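A look at the structure
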Amino acid sequence: MKFTKASPLKGEITIPGDKSISHRSVMFGSIAKGTTEISHFLSGADCLSTISCFQSMGVSIDIKGDSVIVEGRGLHGLKNPVDTLDCGNSGTTTRLISGILAAQDFDVTLTGDDSIQKRPMKRIMEPLTLMGAQITSIKDNGCAPLSISGKKLHGIHYTSQVASAQIKSSILLAGLYAEGETRVTEPYISRNHSEIMLKYFGADVKTEGTTACIAPPKELFGNKIKVPGDISSAAFFIAAGLIIPGSEILIRNTGINPTRDGILSVCRDMGANITLLNENTDSGEPTADILVKYSSLHGTTIEGSIIPRLIDELPMIAAMACFAEGETIIKDAAELKVKESNRIEVMVQNLTAMGADVTETEDGMIIRGGRPLHGVVIDSKLDHRIAMTFAVTGLCADGETEILGADCVNISYPGFYKDLEKLGH
C-alpha cells in the first residue's frame, strides 16, 4: 500500500469489534452450558483461529457476518481434537486456551505461525505447571508448539512479574477447573475483560487491588454478548484526527474500559481535543462515541501503571509524538519487544528513516517532536499494528510512504484501509 499527504479527515466510522472481547466470548461460550449469541464480533484472522480451535474440539459455532452463535458444551464437554490445534498468529488464543486445555481429560498439541513459535510461552507454562498441569515446549525453547496433557489442577496464588491480561486469564481459566481458589496478583492491573465476562457467565470472580481471584463454579451459562468497538483499532483514527490539520472524526461505539483507555489519558496529557459522547454499559463493558478534533500537541512522559492500559497503542502514540512539540518519553515498555515484532526496534528504525529524532532505550524510546517527516518504504514485519501506524504516519509525511506486507492488517482490522480512505473524501 502507498500513502501520500492527506487533506483533512472528516466524518464518522464504526470500528470492528474488540479483539480481546471477541476471543473471550467464543472461548467462554464454548465451555458454558447453553447458547451464547455474540454481536459485532471481530472476524479478523486471530479471532477466527480461536473459533477454529473450538470447532476442532466439537463445539458448534455458526458465523453470519459479525454475528456468531456458539452452542456451548459445558465445562467438561470439549472433545479430543483429531489434529494439532493451530492458533495462527494469535498470542491470545495460544495462552488462554492453554489454561482451559490444562484441565481436560485428553492430550493436545498447540501450534501457530512462525511469529507465534517465537513468542514467550514460559510465562503461562510456569504458573500452569504449579497448578499441576503437564505442559511442555516441544522444541524445548519455551515457545510453541506446546504439548498439553490434561491433569487434575489445584488452586494457587500466583504473583506475576508482568502485568499481562493473557497470563492472568490463562491462570483464571485453569482456575475454573482447579480444586480450591485461584488468585493472580500483578504489578499493575492489566485489562480485565476476562474478569468482567466470566462473572457475566456466572463464575465467582473477585478483584482486590491488583489481585484477581476465582473459585471453581459448577457450570458457566451461555449469554448474549454485544462486543464494543476495539479501542486499539480506534487508536489509529484518534491519532489521525489529532495530527492531520483540519480533521474531525467521530468514532462510534468504542470500548472505554478503564483498564484499556490509557490512550485517551495520554492524548489529553498531550493537549488533545477529545470528547466522549453517548457513554453506556452493555454486557458489562463501558462504551462511548469518541469525537476527535485536530489539536496542537505537546510532549509527555508515559510510564508505570498506565503502560498495560495502552501497550498495543504505543506504536501509534510514538508516531503521534513526532508531531508534538517537545520531548515524549516512553519507558517501562519492554513488553513491546515480544509482540508480533520487536515494536520498539521497528518503530525507532522506521521513524528515524522518515526523518524523526528518536532514540531507542532499553524499555522504550525518546521522541523529540517537530521535525518534518518524509515518505520511505516501511517493512511492516507482518505486524498489523506497525502497518496501521505507518499508514497514518504516511498521511502526514512529505512524498510517498510505501508499506510492505500491508495485508497483515487483516489480523485485527480487515477494513482498515477502506475506512481510512472513506474519511479522506
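Scroll up a little and you will see the structure.
Residues numbered from 1 in each chain as written. Predicted model: local features only at pLDDT ≥ 70, side-chain atom pairs only at ≥ 80, totals over all residues. Heavy atoms only, no water.

1. Overview of helix 9 (residues 314-321)
Each α-helix winds once per 3.6 residues, and so residues spaced three or four apart point in a common direction. Put simply, the rule reads: The buried label goes to any residue with under 20% of its type's maximum accessible area, the exposed label to any with over 50%, and the partly exposed label to all in between, with areas taken from a 1.4 Å probe on protein chains only. Helix and strand assignments come from DSSP, with helices taken as H or I runs of at least 4 residues and strands as E runs of at least 2, each series counted from the N terminus.
Counting buried positions along helix 9 gives eight out of eight residues, so the element sits mostly inside the fold. Along helix 9, the residues that are buried comprise Leu 314, Pro 315, Met 316, Ile 317, Ala 318, Ala 319, Met 320 and Ala 321.

2. Topic: unusual backbone geometry
Cis peptide bonds are those with omega within 30 degrees of zero, and the linkage from Ala 144 to Pro 145 qualifies with 0°. The residue Pro 145 is located in the loop between strand 8 (134-137) and strand 9 (146-149) in this model. A positive phi is found at His 40, a non-glycine position, where the angle reads about 55°. Its location among the elements puts His 40 in the loop between strand 3 (33-39) and helix 2 (45-56). At Asp 140, a residue that is not glycine, the phi angle is positive and equals roughly 55°. Residue position: Asp 140 is located in the loop between strand 8 and strand 9. Given the relative accessible area of 71%, Asp 140 is considered exposed.

3. Considering the packing of aromatic side chains
Here the distance between the centres and the angle between the planes together describe a pair of aromatic rings. Put simply, the test is: Under the pairing criterion, centres of Phe, Tyr and Trp rings, with the six-membered ring standing for Trp, must be within 6.5 Å; the plane angle then separates stacked pairs below 30 degrees from edge-to-face pairs above 60, leaving the rest tilted.
The tally for this structure, following the rule as stated, stands at seven aromatic pairs. Taking the centre distance of 5.9 Å and the plane angle of 75° together, the rings of Phe 236 and Phe 416 count as edge-to-face. Separated by 180 residues along the polypeptide, Phe 236 in helix 7 (residues 231-243) and Phe 416 in helix 12 (residues 416-423) bring together distant segments of the chain. Here Phe 236 falls in the buried class, since its relative accessible area comes to 1%. Phe 416 gets classed as buried once you look at its relative accessible area, which sits at 0%. Where Tyr 413 meets Phe 416, the ring centres are 5.4 Å apart and the plane angle is 70°; that geometry is what we call edge-to-face. Each member of the pair Tyr 413 and Phe 416 is classed as buried. Cluster of aromatic residues (ring-pair linked, three or more members): Phe 3, Phe 236, Phe 237, Tyr 413, Phe 416 and Tyr 417.

4. Side note on the sheet that holds strand 14 (residues 224-226)
The criterion, for reference: Criterion used throughout: strands pair if DSSP finds at least two bridges between them. Lines fitted to C-alpha atoms define the axes, with helix axes restricted to the stretch in contact, and inter-axis angles between N-to-C directions lie between 0 and 180 degrees. Any pair of residues with heavy atoms lying within 4.5 Å of one another is described as a contacting pair.
Pairing in this open sheet of four strands is mixed, and the strands run 4-5-3-14 from one edge to the other. In this open sheet, the two strands that pair with only one neighbour each are strand 4 (60-64) and strand 14. The average undirected angle you get between the axes of adjacent strands in this sheet is 15°. Looking at chain direction, strand 4 and strand 5 (residues 67-73) are connected through five bridges and run antiparallel. By the bridge assignment for strand 5, Ser 60 is matched with Glu 71. On top of the sheet, helix 1 (residues 19-30) reaches strand 3, strand 4, strand 5 and strand 14; it is set at about 35° to strand 5, its chief contact.

5. Thoughts on the pairing of strand 9
Here strand 7 (residues 107-111) runs beside strand 9; their pairing, made up of four bridges, is antiparallel. Across the sheet, Val 108 pairs through a bridge with Ile 148, a residue of strand 9. Alignment of strand 8 against strand 9, held across four bridges, turns out to be antiparallel. Bridge assignment links Ile 135 to a residue of strand 9, and that residue is Ile 148.

6. Description of the environment of Met 316
The residue Met 316 is located in helix 9 in this model. Met 316 sits in the buried class, given a relative accessible area of 1%. Placed 82 residues apart in sequence, Met 316 and Asp 398 show a C-alpha to C-alpha distance of 18 Å. Excluding its chain neighbours within four sequence positions, the residues that come into contact with Met 316 are Ala 235, Phe 236, Ala 239, Thr 389, Val 392 and Thr 393.

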